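# Fold and geometry: a report
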Amino acid sequence: NHLFKLLCGVVAALALTQVAAAAELRERALGMFSPLPSTFPALKDNVITGEKIELGKALFFDPRMSASGVFSCNSCHNLATGGDDNMETSIGHAWQKGPRNSPTVLNAVFNEAQFWDGRAADLAEQAKGPVQAGVEMANTPANVVATLTSMPQYVAWFEEAFPEEKNPVSFDNFAKAIEAYEATLITPAPFDAWLNGDDGALTGDQLAGLELFMNKGCSACHNGVNLGGNGYFPFGLIEKPGADVLPPDDRGRFAVTKTADDSYVFRASPLRNIDQTAPYFHSGKVWDLKVAVQIMGTSQLGTEINDQQADQIVAFLTALTGKVPEVVYPVLPRETSQTPRPSG
Ligand code: HEM
Ligand code: HEM
């Protein structure tokens, strides 16, 4: 009987220690990461309305926004495959291979800076880029507006989405509507449930991976709500990866700031849904997440991450994969005789 009580006591004490350890880990984690908010984030100078979201969604899926009529945003940010295109680097206008890997649009609204080199400030500014980029959609703002204006259904949708405006069909509003739609592409994951207090949301391996992620120093660069997307660092801070992973011709942020210090500086990638978005790095040269994790160990931290540790970190990273909002494929406005014809 005594022995039984003693045993019960020991078990209870152990359980208490475990509870305390879990609480301590959560507290540390909350100091570095934040769960996704439960509502859509507010956008700068862009009130989110249902009408704007629906319009933005149509635009996101509409290939006629490209000069050729072939590429929509969804071509390279496919919402059925993690919000990216699963290619090393994207294929765009006239079958051209672009210079970089396409990042996911899922949760992109939480990135403080857009693109691998942070050259766009927000999603509205960002959306104007691909439409005009020669290797992406190769279109012009004037041709986008002409295309939209030629379809009465689009004109009506722009009027509903931008009711106070004299000239609702504009390239600026095109970008704002897409930004509003992108703000809905948020994917709550088991890690959010765990941060919010659900102890059972992560497995033992995932918790061990989280501890490693913090103890090894990954979270020094990959932190905040998207575990990245908020700061710039040299890729190869400690040891430059080989040209097979880091091709010498793309010097990253250097092209934006023209300062030598920014040579090979890239944005620390956001890591939500990372197990859905191979291949990895701006070059898209690494297909295996475990290999990408081990490269980060040597290139950014100067430390070997052994097999077991890498497996646990990968297990943790899979806990960042969330539920993609259900997307009902939109029926798009019908063209008219006025609609500019596909070119190139
Ligand atoms: C980057 C949205 C069309 C390929 C991005 C980002 C967003 C985005 C939000 C930044 C993500 C981040 O930094 O985490 C859009 C929208 C499009 C569109 C709204 C339609 C208007 C395309 C197309 C392609 C493409 C058609 C491929 C041909 C890429 C690539 C990047 C990128 C390669 C990375 C560029 C870099 O960092 O230099 N896009 N995209 N996008 N997108 Fe798109
Ligand atoms: C990219 C994980 C440490 C800065 C990445 C990627 C992963 C990752 C999986 C690829 C993302 C993608 O392709 O979308 C990790 C892990 C780390 C770690 C597990 C700890 C072992 C760090 C540290 C820094 C850093 C300490 C900053 C000093 C970056 C940068 C990129 C990146 C700049 C983008 C590289 C590129 O240009 O392609 N990280 N990371 N990471 N990480 Fe880390």
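To start, this report covers the structure provided alongside it. (Residues numbered from 1 in each chain as written. Chains lettered and ligands numbered in written order. Predicted model: local features only at pLDDT ≥ 70, side-chain atom pairs only at ≥ 80, totals over all residues. Heavy atoms only, no water.)

Moving on: the site of ligand 2. By nearness alone, 25 residues border ligand 2, and Cys-218, Cys-221, His-222, His-282 and Met-296 come closest of all. At 2.9 Å, a side-chain N or O of His-222 approaches a nitrogen atom of ligand 2. Side-chain polar atom of His-282 to an oxygen atom of ligand 2: 2.6 Å apart, as the coordinates give it. More than half of the atoms of ligand 2 fall within 2 Å of the grid points belonging to the second largest pocket. Residue assignment for the shell around ligand 2 shows that the elements contributing at least two residues are strand S4 (265-267) and helix H11 (289-301). (Near = heavy atom within 4 Å. Polar contact = N/O pair within 3.5 Å; in protein donor to acceptor, adjacent residues only side chain to side chain. 1 Å grid on protein atoms, 1.4 Å probe; cavity = no way out; pocket = protein on both sides within 12 Å on 5 of 7 lines; lining within 4 Å. Sits in = over half its atoms within 2 Å of the grid points. Helix = DSSP H or I, 4+ residues; strand = E, 2+ residues; numbered from the N terminus.)

Of the protein atoms, only His-222 (NE2) and Met-296 (SD) coordinate the iron atom of ligand 2, at distances of 2.0 to 2.2 Å. Its 6 donor atoms give the iron atom of ligand 2 angles of 87 to 180° at the centre, a pattern that matches the octahedral case. Residue His-222 is located in the loop between helix H9 (204-215) and strand S3 (232-234), and its partner Met-296 is located in helix H11; the two are separated by 74 residues in the primary sequence. Among the residues examined, His-222 registers a relative accessible area of 10% and is labelled buried. (Donors = N, O, S within 2.8 Å, 3.2 Å for Na, K, Ca; no water. Tetrahedral: all angles 85-135°; square planar, octahedral: opposite > 155°, others 65-115°. Buried < 20%, exposed > 50% of the residue type's maximum accessible area, 1.4 Å probe, protein only.)

Neighbouring ligand 1 are 27 residues, the closest being Cys-73, Cys-76, His-77, Phe-115 and Trp-116. Separating an oxygen atom of ligand 1 from a backbone N or O atom of Phe-115 is a distance of 2.5 Å. Within the side chain of Gln-126, one N or O atom sits 3.0 Å away from a nitrogen atom of ligand 1. Structurally, ligand 1 is housed in the largest pocket. Counting residues per element, the ones that place at least two in the shell around ligand 1 are helix H3 (73-76), strand S1 (91-92), helix H4 (123-132) and helix H7 (171-182). The biggest single contributor to the shell around ligand 1 is H4, with 5 residues.

Enumeration over the complete set of coordinates arrives at 1 cavity of 30 Å³ or more. Considering only enclosed or pocket space, the largest cavity measures out at about 30 Å³ in volume. Thr-104, Leu-106, Ala-108, Asn-111, Asn-226, Pro-270 and Arg-272 are the residues that line the largest cavity. Tallied by class, residues from the lining of the largest cavity come to 3 nonpolar, 3 polar and 1 charged. (Points joined across faces, edges and corners; volume = space filled by probe spheres on them. Nonpolar A, V, L, I, M, F, W, Y, C, P; charged D, E, K, R; others polar.)

Its 12 residues give helix H12 (residues 307-318) an end-to-end C-alpha distance of 16 Å, which sits within 8% of 16 Å, the value for a rise of 1.5 Å per residue. Here H12 has its buried residues at Gln-309, Ala-310, Gln-312, Ile-313, Val-314, Ala-315, Phe-316 and Leu-317. Among the residues of H12, the N-terminal cap falls to Asn-306, whose side-chain oxygen and the backbone nitrogen of Gln-308 are separated by 3.1 Å. (Expected span 1.5 Å × (residues − 1).)

What follows covers the coordination of the iron atom of ligand 1. Counting protein donors around the iron atom of ligand 1 gives one, His-77 (NE2), at 2.0 Å. Here His-77 is to be found in the loop between H3 and S1.

Attention shifts here to the packing of aromatic side chains. This structure, assessed with the given rule, holds 13 aromatic pairs. Taking 5.6 Å as the distance between ring centres and 75° as the angle between the ring planes, the aromatic pair formed by Phe-33 and Phe-191 counts as edge-to-face. Of this pair, Phe-33 sits in the loop between helix H1 (2-30) and helix H2 (50-61) while Phe-191 sits in helix H8 (residues 190-195), and the two are 158 residues apart along the sequence. Taking relative accessible area as the criterion, Phe-191 reaches 1% and is therefore assigned buried. Considering the side-chain rings of Phe-191 and Phe-316, the 5.2 Å spacing of their centres and the 85° angle between planes classify their relative orientation as edge-to-face. Here the residue Phe-191 occupies a position in helix H8, and Phe-316 occupies one in helix H12, the gap between them amounting to 125 residues. (Phe/Tyr/Trp six-rings, centres within 6.5 Å; stacked < 30°, edge-to-face > 60°.)

A word on the packing of H11 against H12. H12 packs onto H11 with a crossing angle of 115° between their chain directions and a minimal axis gap of 9 Å. For the element pair H11 / H12, the angle class is roughly perpendicular. In this structure, H11 meets H12 at a crossing whose hand is right-handed. Note on element contacts: H12 touches H11 through Asp-307, Ala-310, Asp-311, Ile-313, Val-314 and Leu-317, opposite Leu-289, Lys-290, Val-293 and Gln-294. (Axes fitted to C-alpha atoms, helices over the stretch in contact; angles between N-to-C directions. Parallel < 35°, antiparallel > 145°, perpendicular 65-115°, else oblique. Left-handed = near helix turned anticlockwise from the far one by under 90°. Contact = heavy atoms within 4.5 Å.)

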